[in-house]
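Chain by chain, the residues run as shown.
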Amino acid sequence: PQRCFHLGASKQDVREKVWDHLEASGLAEFPRPVHHRIPNFKGSHQACCSVKELDAFSRAREVKVDPDKPLEGVRLAALQARKTLLVPTPRLRTGLFNKIVPPPGATKEILRKCATSQGIKEYSVPVGLDGKARVDLVVVGSVAVSEKGWRIGKGEGYADMEYAMMVSMGAVQEDTPVITIVHDCQVVDIAEELLGDHDLTVDYILTPTRTIKTNCKRPKPQGIIWHKVSYEMLEKIPILKSLRYREKQSGKDVTLQEEHLDLTNANTSAALNEKAMAENTRPQAAMGSAQLEQHYVESDSLSPRLEGSGMITTVYVGNIPPSVRVSELKCALREFRATPLRLNWQGTQHRAFLDYKDKATAENAVSSLKGLSLGGNTLQVELAKNQRNKGQV
């Protein structure tokens, strides 16, 4: 393999060198330029075909393959072998997987189409969190990979996150094999210090000329590392909220990145922030967790002037423990199909007010949320007593 990457290189240096080399050497294939993508390359179909010779593939019934262009041949091989093919939904916006379901009696041409990005759109059905997916084989794209099985993706973290979510759902086990398909020039030395504990490693590397069994000793991610997940990621990937809600209920620590940083701040600054928030002032200092939450909800408000319509009905939620974050309440509201038009979070007073479009919707929300427990407390949920004055108390 090519050994042109010095040890001090960052992941981004490695990516840029691989992308540049593929383009300069004429190995890059559509879609181009390959920069900022999982690159497609000459010989990708040939590399994909050798998956059929792997026991791990023969034994697998459910195969999860990323939607990248260079992995099209593996998706086709899985469909031709009548395996269940799961593909992550783009940017995880609507869920985790789509299952590709070819029409009955599909011809070779139709199966070929099902394996393309267009086919993924046309022939797929979403698999919910409770779809009980048991994935027997995971196929991911890479920008670079080492013979030891260390992988560098395109830098957005989706493959690592998908794998961690599959662990969280119970869809993969520690011994579920992970395969990547790359050109020979993408197999490079990668310095171990570039890898984080959230980085996915691979067990097999298929190139147009070789099948490499990595015997990788480095453990794969054990699940979602919540303190590396940002509010922004939680907003972008709705299914993360449901998984977080589940893990929180089962007693796991689901502190997010921003909250984690705040917890490491001195208690005095946290106390000052609480006080400042109670007085509704906003110091210029770094935001503490309470203010981050406040800020987060304000910007999330959907319709600031709803009160004037006279239809809005408000639900009071009380007995919220101090440990509970607004994101957890929102997650629970989604889970119980009781998402309000607007949420007024008053965590320091252990309460929140939820605006619904009319009385019937509000009453439905109350009955759905009755008995809901968050952070060890059963929440008090009822129609707010003073509808005109809600949230001003």
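Residues numbered from 1 in each chain as written. Predicted model: local features only at pLDDT ≥ 70, side-chain atom pairs only at ≥ 80, totals over all residues. Heavy atoms only, no water.

Give a description of the pattern of salt bridges that names residues and reports values.
Scanning the model with the defined rule gives 19 salt bridges in all. Notably, a salt bridge pairs R210 with E147, separated by 3.5 Å at the nearest N-O pair. Pair noted here: R210 is in the loop between β9 (204-206) and β10 (211-213) and E147 is in the loop between β6 (144-145) and β7 (151-152), with a separation of 63 residues, a long-range link. For R210, a relative accessible area of 30% corresponds to the partly exposed category. Its salt-bridge partner being E363, residue K359 comes within 3.9 Å of it at the nearest N-O pair. Here K359 and its partner E363 are both found in helix α14 (residues 359-369), four residues apart, which amounts to about one turn of the helix. (Salt bridge = Lys/Arg side-chain N within 4 Å of Asp/Glu carboxyl O. Helix = DSSP H or I, 4+ residues; strand = E, 2+ residues; numbered from the N terminus. Buried < 20%, exposed > 50% of the residue type's maximum accessible area, 1.4 Å probe, protein only.)

Any chance you could break down the packing of aromatic side chains for me, citing the residues and the numbers?
Aromatic ring pairs are described here by two measures, namely the spacing of the ring centres and the angle between the planes. Taken as a whole, this structure holds one aromatic pair when the rule is applied. A cation over a ring is seen here: K83 above F57, with NZ or CZ 4.8 Å from the ring centre. (Phe/Tyr/Trp six-rings, centres within 6.5 Å; stacked < 30°, edge-to-face > 60°. Lys NZ or Arg CZ within 6 Å of the ring centre and 35° of its normal.)

Lay out the pairing of strand β2 (residues 84-88) with the relevant residues and their values.
Among the five residues in β2, four count as buried, and that is most of the element. Across three bridges, strand β1 (residues 62-65) lies against β2 in parallel orientation. Along β2, the bridge assignment pairs K64 with L86. In this view, the connection linking β1 to its parallel neighbour β2 by way of helix α4 (residues 72-80) has right-handed handedness. Bridging between β2 and strand β3 (residues 97-100) involves four bridges; their strand directions are antiparallel. Following the sheet pairing, P88 is matched in β3 by F97. (Pairing = 2+ DSSP bridges. Right-handed = clockwise from strand over helix to strand, strands pointing away.)

Break down helix α1 (residues 11-24) for me, with residues and values.
Taking 1.5 Å of rise per residue, 14 residues should cover 20 Å, and α1 covers 20 Å from first to last C-alpha, within 8% of that figure. Within α1, the full set of buried residues consists of K11, V14, R15, V18, W19, L22 and E23. Down the axis of α1, the smallest arc covering the buried residues is 160°, so these residues share one side. With its phi angle positive at about 75°, G26 sits one or two positions after the end of α1. (Expected span 1.5 Å × (residues − 1). Arc of directions from axis to C-beta.)

Tell me about the nonpolar core, residues and numbers included.
Counting 48 residues, the largest nonpolar core has L22, V51, I100, L137, V139, I179 and I181 as its most contacted members. Broken down by element, this core gets its largest block of residues, five residues, from α4. Excluding its chain neighbours within four sequence positions, the residues that come into contact with I181 are F41, S44, A47, C48, P70, L71, V74, V139, V140 and L206. (Core = buried A, V, L, I, M, F, W, Y, C linked by side-chain atoms within 4.5 Å. Contact = heavy atoms within 4.5 Å.)

Pulling in residues and values, what's your account of the environment of Y158?
Within the element layout of this structure, Y158 appears in helix α7 (residues 158-169). For Y158, a relative accessible area of 13% corresponds to the buried category. In sequence terms Y158 and L92 are 66 residues apart; their C-alpha atoms lie 8.2 Å from each other. Excluding its chain neighbours within four sequence positions, the residues that come into contact with Y158 are R91, L92, K236 and I237.

Account for the side chain of T207, naming residues and giving values.
Tracing the backbone through its elements, the reader meets T207 in the loop between β9 and β10. Judged by its relative accessible area of 2%, T207 falls in the buried class. Among the polar contacts made by the side chain of T207, one reaches the side chain of D184 at a distance of 2.9 Å. In terms of polar contacts, T207 uses its side chain to reach the backbone amide nitrogen of R210, at 2.9 Å. In this structure, T207 is in contact with A47, V182, H183, D184 and V187, ignoring residues within four places of it in sequence. (Polar contact = N/O pair within 3.5 Å; in protein donor to acceptor, adjacent residues only side chain to side chain.)

Lay out the environment of A60 in plain terms, naming residues and giving numbers.
By secondary structure assignment, the location of A60 is in the loop between α3 (55-59) and β1. Residue A60 is classed as buried on the basis of its relative accessible area of 4%. Along the chain, A60 and P177 lie 117 residues apart, while their C-alpha atoms are 9.7 Å from each other. Not counting chain neighbours up to four residues away, the residues in contact with A60 comprise K83, D136 and L137.

Could you give an account of the sheet that holds β3, with specific residues and numbers?
Spatial ordering of the open sheet is given by β4-β3-β2-β1-β5-β8-β9-β10, a layout of eight strands whose pairing is mixed. The sheet is open, and its two borders are formed by β4 (124-127) and β10, each paired with just one other strand. In this sheet, adjacent strand axes meet at a mean angle of 25° when their direction is disregarded. Two strands pair when backbone bridges link them, and strand β5 (residues 137-140) and strand β8 (residues 178-181) are joined in this way by three bridges, in the parallel orientation. Across the sheet, V139 pairs through a bridge with I179, a residue of β8. The strands touched by α4 are β1, β2, β3, β5 and β8; relative to β2, the strand with the most contacts, the crossing angle is about 150°. (Axes fitted to C-alpha atoms, helices over the stretch in contact; angles between N-to-C directions.)

Can you break down the sheet that holds strand β13 (residues 351-356) residue by residue, with the values?
Spatially, four strands are ordered β12-β13-β11-β16 in an open sheet, and the strand pairing comes out antiparallel. The sheet terminates laterally at β12 (342-346) and β16 (380-383), the two strands that pair on one side only. Averaged over all pairs of adjacent strands, the angle between their axes in this sheet comes to 20°, without regard to strand direction. Relative to β16, strand β11 (residues 313-318) runs antiparallel, the two sharing four bridges. Bridging from a neighbouring strand, V317 pairs with V381 of β16. Its contacts with the sheet place helix α13 (residues 326-335) against β12 and β13, and it is angled at close to 145° to β12.

Everything listed here is a matter of coordinates, which is why it stays silent on function.
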